[in-house]
Amino acid sequence: MMVEMAEQFFEKPILNSPYAYPGRHWELDGDGQPTNRILEARRRSDLITPVPKPKKRRASNKQGSLVLGSEDEISTEDQEYNPTPIINEIRSYVEAWRNLPNPEQWLVTPETARLLKHWRNHKFEGIRPFFCQIEAVETAIWLVEVAPKLGPRVAKFWTHIKGANAQANPELLRLALKLATGAGKTTVMAMLIAWQTVNAVRHPNSKQFSRGFLIVAPGITIRDRLRVLLPNDPESYYRHREIVPPDMLADIDRAKIVITNYHAFKLRERMELAKGTRTAIEGWRGEKMQTLETEGQMLQRVMPELMGMKNIVVLNDEAHHCYRERVKDGTGETEDDLKGEEKEEAKENNEAARMWISGLEAVKRKLGVALVYDLSATPFFLRGSGYIEGTLFPWTMSDFSLMDAIECGIVKLPRVPVADNVPGGDTPKFRNLWEHIGKKLPKKGRGGSGKSLDPLSLPAELLTALEALYGHYLKTFELWEKEGIGVPPVFIVVCNNTSTSELIYKYVSGFDRENDDGSTALENGRLALFRNYDDFGNRLPRPNTILIDSAQLESGEALDKDFREMAADEIERFRREMVERTGDIRAGETIDEATLLREVMNTVGKKGKLGEQIRCVVSVSMLTEGWDANTVTHILGVRAFGTQLLCEQVVGRGLRRQSYDLNDEGLFNVEYADVLGIPFDFAAKPVVSPPAKPRETVRVHAVKPDRDPLEITFPRVEGYRVELPDERLEATFGPDHVLNLTPELVGPSVTKNQGIIGEGVDLTIAHLQDMRSSTILFHLAKHLLYNKYRDPGEEPKLHLFGQLKRITRQWLDGGYLNCTGGTFPAQLVYKEIADMAAERIKAAITLSLVGENPVKAILDAYNPTGSTAYVNFTTSKETRWQTDPRKCHVNWVVCDSDWEAEFCRVAEAHPKVRAYVKNQNLGLEVPYLMGSTPRKYIPDFIVQVNDGQAEPLNLIVEIKGFRGEDAKEKANTMRAYWVPGVNNLGKFGRWAFAEFTAVYEIEAEFGKLVASFCTDNV
């Protein structure tokens, strides 16, 4: 499989290509190790993400429009998406220009030529600039200095850039440079600043250059990291990275640079007034008080150093957060098109983008902006922006993609699931984990119902994914310790909301469970290396696992109450550690909570810092861009990933290399990041689904009064009541009490992770086989007693424990637990699986009591009876059966499968069938438990059979081509609870249940069943 994948992406390498850069590019040799031969797959058009073209406009004297014109399946008459002509054509021009031997032919200033020769040829003491960094800056230089001198043949490039900006950001002129995560965007910014500043200082009258720079970041983390772009910073890149020759450092010192996060653009209140005071003053003055800053006041606050300068240069870091959403003529989804959490996320993104771009527009109006350079690994339009999600900013002129970075070896190689031992399915189960668990997780975020949820009740597939990834982390941790690296590898979990993140955080690190009497008991973390408690229940002085809300920490605002309570213990322990490290007792008091947590997050894996020993980070959002921990080795995604944009952003959090040291062959050693739960595709394109054609609709209803004699009534059951006997408990086990633990039920036990090249790895849960059988027996018997034979708030019936333990052992030893596909009995400790096992044991106990202590059905107090007379709805489903007016009260049967249509034919043809109906919008629902989750089972049919008695027998029929574990729960509930419970009421006639699994034998099996009822004279 991997050979085919490699052949799909890689062409024959070209050794003499200008993209070849010794020690930076590699592919697999015969031993599966990287070599330094350049891969030219970057030239393939199928690896470039489509780019939206500006909407066609009327021609004007000032600018035209560039029609790229190609068929790409997502373009429309209003919006074209195709980057291949513009990006690749510029790349070819820049490549030819780069290869000119004589600097006098370069058409640039002497200062620019000096810098280009320095970047290309200087023997750097540390890491020399990567080719991709030089290429990005060369593209900017070529467009600004060279292209205007080449005449009409290249004028189309600036026509395209200006047209794209006029359509999307009419007040700004933007130029985007795309560099993959870990490719060094900060270095590129330093090179751009150096180029502009040196030229501006030495050519003060030139309008092409500026020494005033506004650098805008998406959050405080990146803002603080970008201080290396300040000439006077102790770690300034210009000196420490040798970005400029020594004689140019004095010129760099004349640069005026302001670094801010976009939140600073928000207009602030100049005075704080209580609502009542404001109302009173406005009433007295008869006019609305203006207490917000003006734009000029905001700029004076944010960038006082730049006031008075003209035509400054703006550098947007992580620029995909900066755009003007397209509402009225949006070709993509707008905020109003989305629902739920997706709509909330889009609203937050659009508000942030609006604040960012409005701030830049204010700078343009007050000071003047020469050009905006956008730098991002993912300069794509976000969902809800009005543009097609995941499409490239149309003003992108240079593209160094993640595929390029992986091929070159300058980032870690992500390994994703390519195969597992779950049969069927288009992709491995852990490739897109959310698809299987999303509906089982809490929907609310902070302030929601997360506090009342049980961390041990997480879905089985999620727990197996955690165990599988943790099993490999364990090996990596031991290897790092053996090598004496000094800091641990880092495991990150990216969640959809704070409720989910808190549950996972507690599951892996431990938590105090509150008992019914108000006391608490420690549930230690299920993953030993991530525990925040020792074996005696004491909190560790340094947490191994931290809980982070990236969005809150990056805004710079105070933490909200709920998150502050969740993280209270973390905050306190880090305060103590800060006092110990600094020896200053006031150090922990003077720093606010958000700053403290931000410091921990930003120093994960860094020796001598607060976060140096962190092993696991459970986060909401995406661990904001710019989070530069280079020790991340494992990533688990527990959220929806609608596009490859989100996938690349989250995977990117783990791709920064730990080491840039060259090996003996002058190459980077390969480093890996193992990823589960993120459907990352190495070469994806945005796809737009074509509209579906309208389908015919029909009305399904009870035919009144013509078919009223065929009406069927039924009870509406809400629950069941069972009383246990005082004497000995027994259990009647049968085939439906078997629990089959399979990878399909609990998640793959073996997942093969593989990158596009390099060594693969198998993620397994083999370490679970070490759990003792007595531990499993005790856990399951206790679960049965506390969760199945105890009413809420009631004391457990401890006198039953011995009997329940005996029956549980009978179930375990009797072969009613089958572990296949690499699963283990230890997975019975997952609460969801323990609930399923306990329900089977309880059903077997209840079945043994039929006739002695009758089960009673509890009916809906307000609507105890349902009827076919109330059926009335419309449907467009094409699979349907027009019923025989002599056999069915309803005119149509809406079929979920062809086998249901076959059963309609069989039922109508059988002489003993008095009437039948499909349970579609009928209201017959059977309450049952799937694990601990209450569910409603909707059987397929009700059939009334004339079996020789005064009243017909009501037969509930289920058609099952495949019986999963949920089908067993449904069948057990029908046989042990619903049927005996309703029959014991004595008000609704006689009821029975039948299940047909041999779909090809429905007619014969149904005939035998009806005959058995008549023969037995039931």
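Residues numbered from 1 in each chain as written. Predicted model: local features only at pLDDT ≥ 70, side-chain atom pairs only at ≥ 80, totals over all residues. Heavy atoms only, no water.

Caption draft 1: Broad picture of the packing of aromatic side chains. Taken as a whole, this structure holds 26 aromatic pairs when the rule is applied. Where Trp-978 meets Trp-991, the ring centres are 5.4 Å apart and the plane angle is 80 degrees; that geometry is what we call edge-to-face. One end of the pair, Trp-978, is in helix 28 (residues 965-985); the other, Trp-991, is in strand 34 (residues 990-996), and 13 residues separate them in sequence. Judged by its relative accessible area of 0%, Trp-978 is buried. Through successive ring pairs, a cluster of aromatic residues spans Tyr-470, Tyr-473, Phe-477, Phe-491 and Phe-530. The aromatic ring of Trp-106 is capped on one face by Arg-120, whose charged end is 5.0 Å from the ring centroid. If you follow Arg-639 out to its NZ or CZ, it ends over the ring of Phe-641, 5.7 Å from the centre. (Phe/Tyr/Trp six-rings, centres within 6.5 Å; stacked < 30°, edge-to-face > 60°. Helix = DSSP H or I, 4+ residues; strand = E, 2+ residues; numbered from the N terminus. Buried < 20%, exposed > 50% of the residue type's maximum accessible area, 1.4 Å probe, protein only. Lys NZ or Arg CZ within 6 Å of the ring centre and 35° of its normal.)

Caption draft 2: Examining the environment of Tyr-816 more closely. For Tyr-816, the position within the fold is in the loop between helix 25 (801-813) and strand 23 (817-819). Relative accessible area serves as the criterion here: at 19%, Tyr-816 is assigned to the buried category. Non-local contacts of Tyr-816, meaning those with residues more than four positions away in its chain, are made with Phe-733, Gly-734, His-737, Val-738, Leu-739, Gln-810 and Trp-811. (Contact = heavy atoms within 4.5 Å.)

Caption draft 3: Geometry of the packing of helix 4 (residues 131-146) against helix 6 (residues 185-202). At a minimum axis distance of 9 Å, the contact between helix 4 and helix 6 shows a crossing angle of 35 degrees. Crossing handedness for the pair helix 4 and helix 6: right-handed. Residue-level inspection shows Gln-133, Ile-134, Ala-136, Val-137, Ala-140, Ile-141, Val-144 and Glu-145 of helix 4 in contact with helix 6, the latter providing Thr-187, Val-188, Met-191, Leu-192, Trp-195 and Asn-199. (Axes fitted to C-alpha atoms, helices over the stretch in contact; angles between N-to-C directions. Left-handed = near helix turned anticlockwise from the far one by under 90°.)

Caption draft 4: Fine view of the side chain of Thr-846. Inspection of the secondary structure puts Thr-846 in helix 26 (residues 831-847). The class for Thr-846 is buried, based on a relative accessible area of 2%. Not counting chain neighbours up to four residues away, the residues in contact with Thr-846 comprise Val-722, Val-855, Ala-976 and Tyr-977.

Caption draft 5: How the structure looks around the confidence of the model for the chain. Residues with a pLDDT of 70 or more make up 82% of the chain, whose mean pLDDT is 81. Segment residues 1-71: pLDDT under 50, and 184 contacts once partners within four positions in sequence are set aside and those in other chains are kept. Taken together, the stretch residues 686-692 has pLDDT below 50 and engages in nine contacts with residues farther than four places along the chain or on a different chain. (pLDDT = per-residue confidence, 0-100.)

Caption draft 6: Looking closely at the pattern of salt bridges. Considering all chains together, one arrives at 41 salt bridges under this definition. In this structure, Arg-227 and Asp-233 form a salt bridge, with 3.7 Å as the shortest nitrogen-oxygen distance. Judged by its relative accessible area of 38%, Arg-227 is partly exposed. We classify Asp-233 as buried; its relative accessible area is 13%. Note that Lys-440 is salt-bridged to Glu-461, the shortest N-O span being 3.2 Å. In this pair, Lys-440 sits in the loop between helix 14 (434-437) and helix 15 (460-483) while Glu-461 sits in helix 15, placing the two residues 21 residues apart along the sequence. On the basis of relative accessibility, which here comes to 36%, the residue Lys-440 falls in the partly exposed class. Residues participating in the shared-partner salt-bridge network are Asp-454, Arg-513, Glu-523 and Arg-526. (Salt bridge = Lys/Arg side-chain N within 4 Å of Asp/Glu carboxyl O.)

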